[in-house]
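Descriptive structure summary
The lines below spell out each chain.
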Amino acid sequence: MSGIKIKGTGRFVPAKAITNEYLSTIVDTNDEWITSRTGIKTRFHCTTETHTDMCVGAARQALENAGIKPEEIGACVVATFSADYLSPSAGCMLQRELGLPHDTVCFDLNAACSGFLFALHTMECLLAAAPRKYGLVLGAEMLSRFINWEDRGTCVLFGDGAGAVVVEWREDYPSIHALLGCHGDPNMLGVTGAEKPAPARIFMHGQPTFKFAVQAVPYCIDQVLERSGKTMDDVDFFVFHQANARIIDLAVRKYHIPPEKYYKNIQKYGNTSAASIPLVISELHDLGKVGPGSRILVVGFGGGLTWGGALIEFA
Ligand code: UT7
């Protein structure tokens, strides 16, 4: 047995709120459509803040919350595809800004909206071999830089933000039993890349992505429970990637999850891709809905197409 548990959480969201009412003045849309189809009311976009600012804000809060000093961190993984530079990575920028030791392994990982789960699993593996047993795991996105304002089907969905957790690895902690997967699909959902002369822009085929998501979520729940030998009753809280309130509602109905065991903040932040799961975890922690001893089942899905699930406890 060996694994990681969460010691502390943090988050950072930029100051500028973008309301549905504002969007309806610049795009052919309206509050009724956005609310009923997605659950989103506002999202936050960076104006003066950088991606690095968001990462530093979330990471500092998580370190303070955990009572861990930067020099105790053995590895730092940032799930993102929207960092300030293609290189250096957001992880390298964090090393500098937080003053992490030079031998702390710092890097970025791209698994789109499932990225935070890929990063948690990577951290569990990394810390087993690291000299210092605390790790920083972030999900951070500045999606406002990729929004296609000509596409009302996607431009209303996405927001910016960062969430962070400090985890501790111990031999007597259980594994998070991560289930991660992908099937390469370049057309369904993503951000245009180097092959295009135009600036990088988000694209998505909404309905097939929705269908993929509503299949991926129960698959991940079932697989994680089977791998960990746990039941629904062993789970204190369910944390879902916040892509669409309707996707969460379908999962809640299918598994009869009571209201006190799941949470939505998509109405506030929109879809923040890799940041959405740690933003939920950090808010739940602050609200006292999760804390020492809590066991949470986390599910993500997104571009790639990628999916992931894990069961993680609070130390
Ligand atoms: O985070 C990664 C994973 N992401 C997801 O899982 C997202 C999955 N997909 C979705 O959440 C939904 O498909 C969307 C929210 C993106 C779209 O909702 P939908 O119910 O699937 O709408 P649709 O794309 O089928 O469009 C329905 C109608 C269309 O009009 P017509 O052709 O029926 O006349 C669209 O043109 O809604 C129209 N529409 C809009 N109307 C007002 C599309 N976007 C808008 C808009 N405002 N912003």
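See the structure above.
Some thoughts on the overall build of the protein
Tallying secondary structure elements over the protein gives 10 helices and 13 strands in all. What you see for the protein is a C-alpha radius of gyration of 18 Å, in line with the 20 Å of a compact globule of 315 residues. Sequence separation of 24 or more characterises 76% of the internal contacts of the protein that already satisfy a separation of 6 or more. Looking at the protein as shown, the accessible area adds up to about 13,000 Å², and 52% of this sits on carbon and sulfur atoms. Charge separation in the protein, taken as the distance between the mean sites of 28 positive and 33 negative side-chain charges, equals 3 Å.

Structural notes on the pattern of salt bridges
Per the counting criterion, the structure on display carries 11 salt bridges. Between R152 and D28 there is a salt bridge, and its shortest N-O distance comes to 3.4 Å. Separated by 124 residues along the polypeptide, R152 in helix α6 (residues 152–155) and D28 in the loop between α1 (20–26) and α2 (31–38) bring together distant segments of the chain.

Digging into the nonpolar core
With 35 residues, the main nonpolar core has L120, V167, I281 and I296 as its most contacted residues. Leaving out residues up to four positions away in the same chain, V167 has contacts with I4, K5, I6, K7, L120, M123, L127, K133, Y134, G135 and V137. Counting residues in each nonpolar core, the second largest holds 28 residues, with L189, C220, L225 and L305 among its members.

Some remarks on the pairing of strand β6 (residues 134–142)
Extensive coverage of β6 is indicated by the burial of 9 of its 9 residues. Neither face of β6 is left uncovered, since the one carrying Y134, L136, L138, A140 and M142 and the one carrying G135, V137, G139 and E141 both have all their residues buried. As paired strands, strand β4 (residues 73–79) and β6 are joined by 6 bridges and run parallel to one another. Each residue of the ladder has a partner; that of A79, found in β6, is G139.

Conventions used here
- Residues numbered from 1 in each chain as written.
- Predicted model: local features only at pLDDT ≥ 70, side-chain atom pairs only at ≥ 80, totals over all residues.
- Heavy atoms only, no water.
- Helix = DSSP H or I, 4+ residues; strand = E, 2+ residues; numbered from the N terminus.
- Rg over C-alpha atoms; globule rule 2.2 N^0.38 Å.
- Contact = heavy atoms within 4.5 Å.
- Areas by Shrake-Rupley, 256 points an atom, 1.4 Å probe, with all protein chains shown as cover.
- Lys, Arg positive; Asp, Glu negative; His and termini not counted.
- Charge placed at Lys NZ, Arg CZ, Asp CG, Glu CD.
- Salt bridge = Lys/Arg side-chain N within 4 Å of Asp/Glu carboxyl O.
- Core = buried A, V, L, I, M, F, W, Y, C linked by side-chain atoms within 4.5 Å.
- Buried < 20%, exposed > 50% of the residue type's maximum accessible area, 1.4 Å probe, protein only.
- Pairing = 2+ DSSP bridges.

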